[in-house]
Amino acid sequence: MSHVGVGPRAVMRSVAFLTAGVLAVPALAGCTSEESAGKPLAAQDVGAASRASVSDGGTLRWAVDSVPDTLNTFQSDADATTTRVAQAVLPSMYRMDENGSPARNPDYLESAEVVDTEPKQVVVYKLNQQAVWSDGREIGAADFAAQWRALSGKDSAYWTARNAGYDRIEKIERGANDLEVKVTFSRPYADWKALFSPLYPKDVMGTPDAFNDGARRSLKVTAGPFTVKKVDTKADQVVLTGNPRWWGAPAKLDKIVLRAVPRDERVSELVAGKLDLAEIDPETADEVTLAAAPRDPATGTPLMGPQGSPAAGAQGRSAAEALRSWAVANGSDEEAAEEEILAREERREAEAKAARRQKALSGFEVRKSLEPAYTQLALNGSGGPLADERVRRAVARALDREKLAETVLKPLGLPAEPVGSHLALSGQPAYADGSGALGEQNAKEARALLADAGWVRGGPVKKDGEKAAGAEKDEKREKGEDKEKKKSESDDDGTYIVGEDNKNADSKNAGSKNADSKNPDDKSDDGADRESGEKHSSGKNTAQGGAPGAYAPKGTAAPAGSVAAPLAKDGKALTLRFVLPSGPGSETLRTVADRITDMLKDIGIGTEITKVPDESYFKDHIAAGEYDLALYSWPASAFPATDARPIYAKPVPAADGSLNVAQNYTRVGTDQVDQLFDRAMTTLDQKEARDLLRKADSRIWAAAGSIPLYQRPQLTVARKNLANAGAFGFETPVYEDMGFLEKGAQGSRPSAPSTSSPSSSSSS
């Protein structure tokens with residue numbers, strides 16, 4: 001599917017750290033910690049209500065995408081429902097607040113602090129003295145120690161998906177009393193708050209067998225407001241019931257039923273009265289909004305449609321059409337009259353069915369926010385044209401990200417601002433708009449980059465047996481040739497950051513091969529394109545195979561007919577394979593892909609769109625590297641130094657000769673980005689960590705392997721009397737507060753989010 005991952009902590013896998021010392025990193029023209037992280041673009045929308053106004057009892061029927069294969073969030077087949085269950089039934093020392101930051105969970109943790117940094121980092125946790133497992137045993141150091149041993153990576157018998165952070169722990173011991181847990185780290189770890197959330201009992205973590213198989217279909221021991229009563233694979237549902245040993249505010253609901261319902265069937269289940277809460281697509285949101293709209297007392301039809309548009313009459317028929325139908329049904333042409341009478345009967349039945357559907361949906365409302373995840377355009381840099389950084393940068397510079405964000409979010413009434421960071425979202429501490437490191441949208445400069453890379457209009461294109469330049473596998477990759485030899489061997493990774501003017505020692509020779517295309521009186525030999533202002537990746541003109549005139553002085557007329565001709569190089573047209581999911585629910589991605597295709601066409605890049613089944617989209621195409629361009633999403637994290645590193649780490653050769661990409665499915669990375677992540681992960685100075693992460697983000701932007709587009713919309717439909725559930729935004733749900741309102745009580749809704757132009761509040 002298009003959304004990679006199931007939550008901030010559930011999918012991030014570990015990746016080997018660099019063993020060499022950290023090299024010097026040049027100053028970056030990126031964002032610093034002095035810049036404000038801003039505010040979340042949209043508040044959560046959950047029908048917030050006080051516990052006093054929520055009735056006791058009831059069952060919440062909640063649609064989910066699947067019944068999980070495992071209830072262990074640390075296993076590779078954990079999914080979104082695994083996370084949902086864990087949040088309701090297991091301890092978490094920290095949870096996400098409304099700004100996407102870690103907040104101490106007082107139900108389990110009275111305090112946690114770093115008490116020593118020399119010679120080793122030591123963290124002391126003081127647990128809530130009432131916190132107990134459902135079997136009556138106190139939560140304590142034994143549970144922390146068992147989880148550390150299972151996730152440390154030292155015992156391969158544990159089938160773990162990730163061990164980040166746990167591999168830095170040296171020992172765990174009891175503190176001054178049974179309520180204290182003392183954790184000593186072998187190496188400094190800035191994201192220590194990411195650990196032990198969730199925390200499993202030692203019964204699950206104590207042995208490999210228990211870890212691997214003991215928590216897949218059941219959790220016998222829990223410690224949350226709810227407990228797992230049953231995982232029913234036949235009924236496709238997970239049933240949670242109240243935990244009688246829960247010491248916190250008692251759960252308002254008696255039961256939560258998480259039922260797997262396909263997205264395209266959810267509206268029917270809502271109409272049938274079988275669901276209370278469900279994530280939905282924009283089309284369903286429009287229908288629910290229309291059903292809940294004010295109605296004309298005479299006709300019963302909604303006065304206004306979604307987004308304030310005039311509502312159509314019954315079945316969209318005008319008064320003139322109704323009059324004509326009456327005339328035909330009562331006319332002298334018996335055959336026509338009979339046909340019209342039958343048609344009128346069918347219309348009445350359809351109208352009655354639609355009325356019943358609208359009445360059923362009128363008891364629901366749409367709750368919307370922005371999901372803590374962003375959609376990106378991924379550019380596969382492992383081979384073909386996109387292995388050239390200049391081509392990737394040209395693709396990125398061709399995109400109008402504001403228009404793409406508006407395409408998705410504006411019709412939904414959500415703030416349509418493009419995402420400016422790979423590592424955080426607006427409102428999170430690490431957020432700053434780093435897109436200036438790549439440069440703003442500029443088709444002219446994008447074309448100049450392509451010309452510099454040797455792609456020119458009107459070049460010869462082979463007709464017989466030709467394949468798109470980006471649609472075939474790179475032959476050198478097939479033969480296993482080492483591409484690293486093409487890269488700079490200096491400490492600088494050669495990535496150009498807009499605004500960073502570090503001079504290359506060899507820049508005096510940068511234009512020797514194209515001296516005739518430069519003004520001989522110009523002494524600023526910095527490798528910049530005089531027309532576009534674009535300095536290329538290494539400060540040198542490194543184009544190969546360029547046609548005469550590709551670097552002509554400003555003002556030189558283009559060859560006749562070249563504007564309409566395709567870009568070509570070495571006899572191949574510049575066409576990129578754009579892979580998309582084909583299933584229901586992916587319409588938005590396909591719309592965005594169409595817009596991107598038009599933007600790329602404007603600079604001479606063709607696209608070959610390939611639609612594949614949802615079930616194979618990620619595994620067989622994204623993870624396998626069988627694409628040039630693709631759209632998918634990453635979740636935001638409160639701990640980007642830990643969680644984002646495997647997504648952007650430079651791929652490294654594995655022992656068997658293959659390339660270990662971890663989660664970097666674009667195959668684009670640099671040593672300097674890795675080093676910045678490593679430094680951010682080890683400093684305990686939060687200001688320094690933010691600055692390092694923002695510098696890393698600038699480098700990621702400049703490498704142009706991943707282009708963040710927009711924060712994903714979060715649309716849910718909920719019964720109007722359901723409180724404290726819906727579009728949660730950043731914040732972790734509070735399951736014990738969910739329930740149905742007392743008669744006469746009302747929940748609060750957030751004010752309408754601003755839909756002002758992104759340009760008014762963001763900078764490049």
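What counts, and where the lines are drawn
- Residue numbering note: each chain is counted from 1, following its sequence as written.
- Totals for whole chains, interfaces and linings use every residue, but because this is a predicted model, local features are given only for residues with pLDDT of at least 70 and side-chain atom pairs only at 80 or more, for both listing and counting.
- With hydrogens and water stripped out, all remaining heavy atoms of the structure feed into the side-chain values.
- Secondary structure is summarised from DSSP: a helix means a run of H or I of at least four residues, a strand means a run of E of at least two, and numbering begins at the N terminus for each.
- Throughout, exposure labels follow a simple rule: accessible area from a 1.4 Å probe, protein chains only, divided by the maximum for the residue type, with under 20% read as buried, over 50% as exposed, and the rest as partly exposed.
- Between two residues, a contact is recorded if the distance between any of their heavy atoms is within 4.5 Å.
- Here the rule is simple: two strands pair whenever DSSP picks up at least two bridges between them.
- Orientation is described by axes fitted as lines to C-alpha atoms, over the contacting stretch for helices, and by angles from 0 to 180 degrees between their N-to-C directions.
- What makes a nonpolar core is a set of buried Ala, Val, Leu, Ile, Met, Phe, Trp, Tyr and Cys residues whose side-chain atoms join them at distances within 4.5 Å.
- Centre distance within 6.5 Å is the pairing criterion for rings of Phe, Tyr and Trp, where only the six-membered ring of Trp is used; planes under 30 degrees apart are then read as stacked, over 60 as edge-to-face, and the remainder as tilted.

K.L.:
Please explain the environment of E279 as it appears in this structure.
P.N.:
Residue placement: E279 occurs in strand 11 (residues 277–279). Of the residues examined, E279 reaches a relative accessible area of 25% and is grouped as partly exposed. If near-sequence neighbours (up to four positions away) are discounted, E279 is found in contact with R84, R263, R266, Q714, L715 and T716.

K.L.:
Where do I start with the sheet that holds strand 5 (residues 122–127) in this structure?
P.N.:
The pairing of strands in a sheet happens through backbone hydrogen bonds and is either parallel or antiparallel. Sheet architecture is open: 4 strands sit in the order 4-5-7-6, paired in antiparallel fashion. If you trace the sheet from one side to the other, it starts and ends with strand 4 (109–116) and strand 6 (169–174), each paired once. Between one strand axis and the next, the sheet turns by 20 degrees as a mean value, whatever way the strands run. Here 5 bridges tie strand 6 to strand 7 (residues 180–185), and the two strands are oriented antiparallel to one another. What sits directly across from R174, in strand 7, is V181. Packing of helix 2 (residues 141–151) onto the sheet brings it into contact with strand 5, strand 6 and strand 7, and relative to strand 6 it is tilted by some 160 degrees.

K.L.:
Before we go on, may I ask you to explain the pairing of strand 4 in this structure?
P.N.:
Side-chain positions along a regular strand alternate between the two faces of the sheet. Sheet topology places strand 4 next to strand 5; 6 bridges connect them, and they run antiparallel. Its bridge partner being in strand 5, A112 is matched across the sheet by Y125. Here strand 4 folds back onto strand 5, and the loop between the two strands holds 5 residues.

K.L.:
Explain the nonpolar core here, please?
P.N.:
If you look at soluble globular proteins, the nonpolar side chains tend to sit buried side by side. Residues M93, Y125, F196 and L240 are the most contacted members of the largest nonpolar core, which totals 107 residues. Within the second largest apolar cluster, 61 residues are counted, among which are V408, L412, W701 and Y710.

K.L.:
Sorry if this is basic, but what is going on with the packing of aromatic side chains here?
P.N.:
Any pair of aromatic rings gets described here by the distance separating the centres and the angle formed by the planes. Taken as a whole, this structure holds 18 aromatic pairs when the rule is applied. Judged by centre distance (6.3 Å) and plane angle (90 degrees), the ring pair of F74 and Y166 falls under edge-to-face. In this pair, F74 is assigned in the loop between strand 1 (59–64) and helix 1 (80–89) and Y166 in the loop between helix 2 and strand 6, connecting sequence segments 92 residues apart. Residue classification places Y166 among the buried residues on the basis of a relative accessible area of 2%. Measuring from ring centre to ring centre gives 6.2 Å for F185 and Y189, while their planes differ by 40 degrees; the resulting arrangement is tilted. No difference in accessibility class separates F185 from Y189, as the two residues are buried. Grouping aromatic residues by their ring pairs yields a cluster made of F74, Y94, Y125, F144, Y166, W192, F196 and Y200.

K.L.:
When you look at the sheet that holds strand 15 (residues 572–573) in this model, what are you seeing that I'm missing?
P.N.:
If you walk across this open sheet you meet the 3 strands as 13-14-15, and the pairing is antiparallel. Two strands in the sheet have a free side with no partner beyond their single neighbour: strand 13 (456–457) and strand 15. Bridge analysis of strand 13 against strand 14 (residues 567–569) gives 2 bridges, and the strand direction is antiparallel. Following the sheet pairing, R457 is matched in strand 14 by L567.

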